[in-house]
Amino acid sequence: MKKFGLGLVALLLAAQPFATGIAAAQTAPATDAPAAANAAEREICKAEKPTGTRLAKKKTCRTKAEWDEFYRLQRAETEQMQRNDMANKTPKG
């Protein structure tokens, strides 16, 4: 009887990952390619403070791709300014 109980426990433990995998597959939402495409084209709005004021805010809305391009251009411009600054500070001699 003791061996039967241990065998039953071993069987239940072995079947547990399989059963949880089935339950997870049944509760997982179906992904739609058009829904994912719409999420990428969704506008993201951010409030920006113009320089020189503490009160006014300007709302700017862009898609994720447009925000990524905006930040990429900002980084490139900053790096260019830093390179130019370092070129002016190098000792000539």
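Conventions and cut-offs
Residues numbered from 1 in each chain as written. Predicted model: local features only at pLDDT ≥ 70, side-chain atom pairs only at ≥ 80, totals over all residues. Heavy atoms only, no water. Disulfide = S-S within 2.5 Å. Helix = DSSP H or I, 4+ residues; strand = E, 2+ residues; numbered from the N terminus. Buried < 20%, exposed > 50% of the residue type's maximum accessible area, 1.4 Å probe, protein only. Phe/Tyr/Trp six-rings, centres within 6.5 Å; stacked < 30°, edge-to-face > 60°.

Draft legend 1. Molecular detail of the state of the cysteines. Tallied over the entire structure, the rule returns one disulfide. Disulfide pairing is shown between Cys45 and Cys61; the S-S distance is 2.0 Å. Around the S-S axis, the bridge from Cys45 to Cys61 shows a dihedral of about 105° and counts as right-handed. With a gap of 16 residues between them, Cys45 in strand E1 (residues 43-48) and Cys61 in strand E2 (residues 58-63) connect regions that are remote in the sequence. For Cys61, a relative accessible area of 32% gives the class partly exposed.

Draft legend 2. Up close: the packing of aromatic side chains. Here the structure, examined in full by the defined rule, presents three aromatic pairs. Note on Trp67 and Phe70: the rings are 5.8 Å apart at their centroids and 85° apart in plane angle, and the pair reads as edge-to-face. Highlighted residues: Trp67 and Phe70, both in helix H3 (residues 64-89), separated by three residues, approximately one helical turn. Note on Phe70 and Tyr71: the rings are 5.4 Å apart at their centroids and 65° apart in plane angle, and the pair reads as edge-to-face. Among the aromatic residues, those joined into a ring-pair cluster are Trp67, Phe70 and Tyr71.

The analysis is restricted to geometry; functional conclusions fall outside its scope.
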